[in-house]
Amino acid sequence: MKSISVFGLGFVGLPLSLTYTFYGVKVYGVDVNKEYIERLKKFDTHILEDYHRKNIKEILKESIENKLFEPTDSAELAMKNTSEIIVTVGVPVENRKAIMKPFNAAMETIGKNLKRGNLILIRSTVPPGTTREVALPILEKKSELKCGKDFFLAYSSERIAEGRAFEEFQTMPVAVAGINEESTKRGKALLDLINPNVIKASSPEIVEISKLIENSSRDVNIALVNELASLTEKMGVDTMEVINVANTHKRVKLLTPGIGVGGHCIPYSTHYIYYEAQKLGLELPLLSTAREVNENRPLQIVNYVEEALSKIGKSLQGTKFAITGIAMKDNSSDISESPAMRIKDIIIQKGGNIVWYDPNVEGDFKEKKETIEETLKDSEVLIIPIKQELIKLNVDLLGSLMKEKSIIFDPKGLLDRKEIEKLGFVYISI
Ligand SMILES: NC(=O)c1ccc[n+]([C@@H]2O[C@H](COP(=O)([O-])OP(=O)(O)OC[C@H]3O[C@@H](n4cnc5c(N)ncnc54)[C@H](O)[C@@H]3O)[C@@H](O)[C@H]2O)c1
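Quick caveat: nothing in here was measured; it's all calculated off a predicted structure.

Quick word on the overall build of the protein
Piece 1. Scanning the protein from terminus to terminus reveals 16 helices and 17 strands.
Piece 2. For the protein, the spread of C-alpha atoms along the three principal axes comes to 70 × 50 × 40 Å.
Piece 3. Burial statistics for the protein: of 430 residues in total, 45% are counted as buried.
Piece 4. Relative to all contacts within the protein whose residues are 6 or more apart in sequence, the contacts with residues 24 or more apart total 70%.

Okay, here's the thing in structure tokens:
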């Protein structure tokens, strides 16, 4: 297996492709976004990852120059040269419903270019049953070949966390299962090339559902501590101290509360399961409640800040807010389902003025500022939702640029409460 194709070059597909190149495998990386393909050819990407002190752009440059990575928008070119195909095209959610269109379009393209002996290994997170009930019929119809006999199809969930992708592709245990035994064998062989911890499961459905419940278990556990925080915040009790005390119990392991849950993985997984359950006439109230708790968390945060404002005789309307770090999590460039974005939108809806700064996040946005100084200037409330290493916040900067008696909402505890209070500011954490 000297060359493979990877469909979808996003937060998963690009670092995954480059990981294969570490092992001497030539990778044709296929993406429908032509502009992005041109950008990749110039060794540039919006994705932030590094490995062994090299950042992803350097790794990308080396892989292209060594002719081990070829970004292309031509599925035909890629599939002409490869017989193993990995798919990382996502399944978005709109109005709590899975939108299969992009994934199905990828399957149609792959189906049209399919040859005898090909293996398709799906690594996207998908609603239960997608491999067998959605991918397989499209591939068979478009190729006029028989799955399990003429070509092979397997599913292996992807478990990496953004920011740790290169390391986790090679070390995180992964499960794989195919439509038949040969498909499982071929899928495992493809994964074995980069990861020694590949587990075989009995069916694609097992792996699809286990991925979803892995994500949903995090949704539920985060919802639990977010709900706890909403209680302790109202009571004026230190949430983290409660959690630390509770965690001295040997069988309790509470997570850390936050401002909500971002990214596609966790929120979408719960929607995929929930949608499937509804089709089967099941309610699964725990999952839907957990989702609701986490979705409401940004609104709760805004209400919490609004209460702090009213205690010092101010209202949210007309107040100048600043947010430093808008991405969906620490040191990320990804804004998908970002709770910080949601906080920003709620503040605007409620009549506040807001600007934000995040050097990791690309693109033109109305409220985006290019420097920390412009962002903080004359602001009355600063929200620091996540930790972006590139954002250098210090107390002197806040003191010199922000208005008197400002409020600092610092859920991650990045600043020193005493120092902030010395400025005459109000400091709030979780
Ligand atoms: N981001 C994560 O940390 C993470 C972790 C584990 C699993 N996942 C799952 O992996 C999948 C991909 O996630 P992502 O974050 O990389 O998404 P992404 O949106 O960053 O990337 C998807 C890429 O697919 C491309 N694409 C869309 N349609 C295509 C087609 N027909 N052919 C080729 N390319 C196409 C898009 O242009 C985009 O570049 C999702 O199912 C996600 O849930 C993501």
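Back to the text.
Some remarks on the packing of helix 6 (residues 130–143) against helix 9 (residues 204–235)
Piece 1. In the contact formed by helix 6 and helix 9, the axes pass within 9 Å of each other and the chain directions differ by 115°. As judged from the angle between their axes, helix 6 and helix 9 are roughly perpendicular. Within the contact between the two elements, helix 6 uses Thr-130, Thr-131 and Arg-132 and helix 9 uses Pro-204, Glu-205 and Glu-208.
Piece 2. Residues of the contact of helix 6 with helix 9, tallied by class, amount to one nonpolar, two polar and three charged.

Notes on the pairing of strand 13 (residues 320–324)
Piece 1. The element strand 13 is extensively covered by neighbouring structure, given that four of its five residues are classed as buried.
Piece 2. Both strand 13 and strand 14 (residues 353–357) contribute to a ladder of five bridges, which runs parallel. Residue pairing in the sheet places Thr-324 in a bridge with Tyr-357 of strand 14.
Piece 3. This β-α-β element, strand 13 to helix 13 (residues 339–349) to strand 14, shows right-handed connectivity.
Piece 4. Looking at chain direction, strand 13 and strand 15 (residues 381–383) are connected through three bridges and run parallel. Counterpart to Ala-322 in the pairing with strand 15 is Leu-382.

Some remarks on the sheet that holds strand 16 (residues 407–409)
Piece 1. Read from one edge of the open sheet, five strands run 14-13-15-16-17, paired in parallel fashion. Since the sheet does not close on itself, it has two edges, and those belong to strand 14 and strand 17 (426–428), each with one partner. Strand-to-strand twist of the sheet, defined as the mean angle between neighbouring strand axes without regard to direction, takes the value 15°.
Piece 2. Against the sheet, helix 12 (residues 285–311) touches strand 15, strand 16 and strand 17, its axis set at about 160° to strand 16.
Piece 3. Contacts from helix 13 reach strand 13, strand 14 and strand 15, with the element oriented near 160° to strand 14.

Some remarks on unusual backbone geometry
Piece 1. Phi is positive for Lys-67, close to 60°, though the residue is something other than glycine.
Piece 2. Considering the arrangement of structural elements, one finds Lys-67 in the loop between helix 3 (56–65) and strand 5 (69–72).
Piece 3. A tally of 9 C-beta atoms within 10 Å means that Lys-67 is categorised as exposed.
Piece 4. Positive phi is not limited to glycine here, since Glu-337 has a value of about 50°.

Quick notes on the site of the ligand
Piece 1. Around the ligand sit 27 residues in total, of which Gly-8, Gly-10, Phe-11, Gly-90 and Ser-124 are the nearest.
Piece 2. Counting only elements with at least two residues in the shell around the ligand, the list comes to helix 5 (101–113) and helix 11 (265–279).
Piece 3. Sort the elements by how many residues they give to the shell around the ligand and helix 5 lands first, with four residues.

So, the domain arrangement of the protein
The parts lose accessible area when they come together, and the size of an interface is often stated as this lost area.
Piece 1. In terms of domain boundaries, the protein breaks down into domain 1 (3–202) and domain 2 (217–428).
Piece 2. Computed from C-alpha coordinates alone, the two centres of domain 1 and domain 2 are separated by 33 Å.
Piece 3. Taken together, the contacts link 14 residues of domain 1 with 14 residues of domain 2.
Piece 4. Tallied by class, residues from the side of domain 1 that touches domain 2 come to seven nonpolar, four polar and three charged.

Notes on the sheet that holds strand 5
Piece 1. Spatially, the eight strands line up as an open sheet ordered 5-2-1-6-9-10-11-12, and their pairing is mixed. Of all the strands in the sheet, the pair left with one neighbour each is strand 5 and strand 12 (198–200). The sheet shows a mean angle of 25° between the axes of neighbouring strands, taken without regard to direction.
Piece 2. Sheet strands touched by helix 6: strand 9 (119–122) and strand 10 (152–155). Its angle to strand 10, the strand with the most contacts, is close to 150°.
Piece 3. Running at roughly 150° to strand 11 (residues 174–178), helix 8 (residues 181–192) makes contact with strand 6 (84–87), strand 9, strand 10, strand 11 and strand 12 of the sheet.

Conventions we followed
Sequence order as written defines the numbering, with residues in each chain counted from 1. Selection of residues for local features in this predicted model requires a pLDDT of at least 70, selection of side-chain atom pairs for listing and counting requires 80 or more, and totals for whole chains, interfaces and linings are taken over all residues. Note on conventions: DSSP H or I runs of at least 4 residues are helices, E runs of at least 2 residues are strands, and numbering of each starts at the N terminus. Three classes are used. A residue is buried when 20 or more other C-beta atoms lie within 10 Å of its own, exposed when 12 or fewer do, and partly exposed in between, with C-beta atoms placed from the backbone. We call two residues in contact when the distance between their C-beta atoms, placed using the backbone, is within 7 Å. In this description, a line fitted to the C-alpha atoms serves as the axis of each element, helices being fitted only across the stretch in contact, and the angle between N-to-C directions of two axes falls anywhere from 0 to 180 degrees. Our angle categories are set so that under 35 degrees counts as roughly parallel, over 145 as roughly antiparallel, 65 to 115 as roughly perpendicular, and the remainder as oblique. Asp, Glu, Lys and Arg are counted as charged, while Ala, Val, Leu, Ile, Met, Phe, Trp, Tyr, Cys and Pro are counted as nonpolar; the rest, among them Gly, fall into the polar class. Here a strand pair is declared whenever DSSP counts at least two bridges between the two strands. Seen with its strands pointing away from the viewer, a crossover is right-handed if its path from the first strand over the helix to the second goes clockwise. A residue counts as near a molecule or strand when its C-beta atom, positioned from the backbone, falls within 6 Å of it. Residue ranges assigned to each domain were obtained from an automatic or database domain assignment.

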